[in-house]
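Here are the chains, one letter per residue:
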Amino acid sequence: MRYVIVCVVKGEAGRFNNELRRDIFKKFNAKSSKLPAHFTIKAPFEYEGSLKNLEEALYKFCNEEDKAPFTMDKYNHFDDRVIYMDVNMSKEGKDLHDKLIDVLDKFDYINFNKKDGKDKIFHVTLTSKKVPPIFNELWNYLNQYSFNFNCFFDNISIFKWEDKTWKLYREFKLEKNRVSI
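Residues numbered from 1 in each chain as written. Predicted model: local features only at pLDDT ≥ 70, side-chain atom pairs only at ≥ 80, totals over all residues. Heavy atoms only, no water.

K.L.:
Mind laying out the pattern of salt bridges, listing which residues take part and the relevant values?
P.N.:
Oppositely charged side chains can form a pair if their charged atoms are brought close together. Going through the model one piece at a time under the given rule, you end up with 15 salt bridges. Note that K94 is salt-bridged to D98, the shortest N-O span being 2.9 Å. You can see K94 and its partner D98 sitting in helix 3 (residues 91-104), 4 residues apart, about one turn around the helix. A relative accessible area of 18% places D98 in the buried class. (Salt bridge = Lys/Arg side-chain N within 4 Å of Asp/Glu carboxyl O. Helix = DSSP H or I, 4+ residues; strand = E, 2+ residues; numbered from the N terminus. Buried < 20%, exposed > 50% of the residue type's maximum accessible area, 1.4 Å probe, protein only.)

Below you can see the structure in the form of structure tokens.
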């Protein structure tokens, strides 16, 4: 099975990203992920066993930690291949993320590289497929839509690849001192 672990960006910022991605596809035929607006915690990985121990570790982590703020207010890009919304992660958010990476790193089927480990560039992708030939046109188009969002790193969501799309497998909400069931 193929899984990915992300923080889904919700509220106004998530709606803005999701709508803008649909708009980009309609106007430019440039695609992005089949996931909702998110920043990646762990890029897709394969695992055939039970995720029970991972789920328990994430549940415990979320009971002990609280959400952390981040802001988004500008576009950025990786060369001419990917255009995204920059995530300005707070110190609290970066610390939370790095603690989470330490937890995930204990699972032998989860391996990090520089793109999805502690030193990643936090971002919420707008488009990542078929971009180079239309990069300048797309970049100019996007920059007419300014934004400024206050967001929270408030969930850890596991998605599973099924039926040629990503489906939510399990969401864990960061709520310190939550009463356990």
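Back to the write-up after that little detour.
K.L.:
For helix 4 (residues 135-142), give the residues involved together with the corresponding values.
P.N.:
The complete set of buried residues in helix 4 reads F135, L138, Y141 and L142. Each buried residue of helix 4 sits inside an arc of 135 degrees when the element is viewed along its axis, so together they form one side. Away from its buried face, by an angle of more than 90 degrees, helix 4 presents the exposed residues N136, E137 and N140. Of the surrounding secondary structure, the elements contacted by the buried residues of helix 4 are helix 1 (11-28), strand 4 (75-78), strand 5 (82-86) and strand 7 (123-127). (Arc of directions from axis to C-beta. Contact = heavy atoms within 4.5 Å.)

K.L.:
Give a description of the environment of A57 that names residues and reports values.
P.N.:
Relative to the assigned elements, A57 resides in helix 2 (residues 52-64). Expressed as a C-alpha distance, the spacing of A57 and D73, which sit 16 residues apart in the sequence, is 33 Å. Contacts of A57, omitting those with residues within four sequence positions, involve V103 and F107.

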